[in-house]
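# Examination of the molecular architecture
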Amino acid sequence: IMEICKREGIDVIQKKIIFTDFLKDIDSGKIREAGGTGTAAVITPGGEIHFKNKEYPINNGDIGKISTLLFNELTTIQKGENKNYFSWLKKVDHLL
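This report concerns the structure included in the present document. Treat the numbers as computed from the prediction; the structure is a model and nothing was measured. (Residues numbered from 1 in each chain as written. Predicted model: local features only at pLDDT ≥ 70, side-chain atom pairs only at ≥ 80, totals over all residues. Heavy atoms only, no water.)

In this structure the tally under the stated criterion is 2 aromatic pairs. For the ring pair F19 and F22, a centre distance of 6.0 Å and an interplane angle of 35° mean the geometry is tilted. Here F19 and its partner F22 are both found in helix α2 (residues 19–28), 3 residues apart, which amounts to about one turn of the helix. Classification of F19 by relative accessible area gives partly exposed; the value is 37%. (Phe/Tyr/Trp six-rings, centres within 6.5 Å; stacked < 30°, edge-to-face > 60°. Helix = DSSP H or I, 4+ residues; strand = E, 2+ residues; numbered from the N terminus. Buried < 20%, exposed > 50% of the residue type's maximum accessible area, 1.4 Å probe, protein only.)

Before going further, it helps to spend a moment on the side chain of S67. Among the structural elements, S67 can be located in helix α3 (residues 65–78). A polar contact is formed between the side chain of S67 and the side chain of E33, at a distance of 2.8 Å. Excluding its chain neighbours within four sequence positions, the residues that come into contact with S67 are E33, I43 and P45. (Polar contact = N/O pair within 3.5 Å; in protein donor to acceptor, adjacent residues only side chain to side chain. Contact = heavy atoms within 4.5 Å.)

Let us now look at a nonpolar patch on the surface. Side chains of F86, W88 and L89 sit close together on the surface and give an oily, nonpolar patch of about 280 Å² of accessible area. Among the secondary structure elements, L89 is positioned in the segment after α3. (Patch = residues over 30% accessible without salt bridge, like charges linked within 9 Å, V, L, I, M, F, W, Y side chains within 5 Å. Areas by Shrake-Rupley, 256 points an atom, 1.4 Å probe, with all protein chains shown as cover. Salt bridge = Lys/Arg side-chain N within 4 Å of Asp/Glu carboxyl O.)

With that settled, the discussion passes to α3. The end-to-end C-alpha distance of α3 is 20 Å, a good match for the 20 Å that 14 residues give at a rise of 1.5 Å each. Buried residues of α3: S67, L70, E73, L74, T75 and I77, and no others. Among the structural elements, α1 (2–7) and β2 (42–45) are those in contact with the buried residues of α3. With its phi angle positive at about 75°, G80 sits one or two positions after the end of α3. (Expected span 1.5 Å × (residues − 1).)

Another aspect to go through is the pattern of salt bridges. Side chains that differ in sign of charge can pair as their charged atoms come close. Applying the stated criterion across every chain, the model contains 2 salt bridges. Between R7 and E3 there is a salt bridge whose closest N-O contact spans 3.3 Å. One end of the pair is R7 and the other is E3, both in helix α1 and 4 residues apart, which spans about a single turn. Taking relative accessible area as the criterion, R7 reaches 42% and is therefore assigned partly exposed. For E3, a relative accessible area of 37% corresponds to the partly exposed category. With a closest N to O distance of 3.1 Å, D27 and K54 form a salt bridge. Placement of D27 in helix α2 and of K54 in strand β4 (residues 54–57) is noted, with a sequence separation of 27 residues between them.

Shown next as structure tokens:
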């Protein structure tokens, strides 16, 4: 995902964050999108965080532009439809 962001001109920073600072940044509007990714999750946008009986809405609960872009890029890569990432795929002819 980080590589796709870099190729799309999206700044990438990898660092540890303090969760309460994350929540403050949501409240202030500094964070406009959040989500997760994983092997089976593809790209899962987060529309709201619930913590200690408080709700922290992100982007009014809507899926953001970056999440949409990353989802579309990743799924076209997985399907072998994205020529920009063909080198990432290896064909498996037979299962053992």
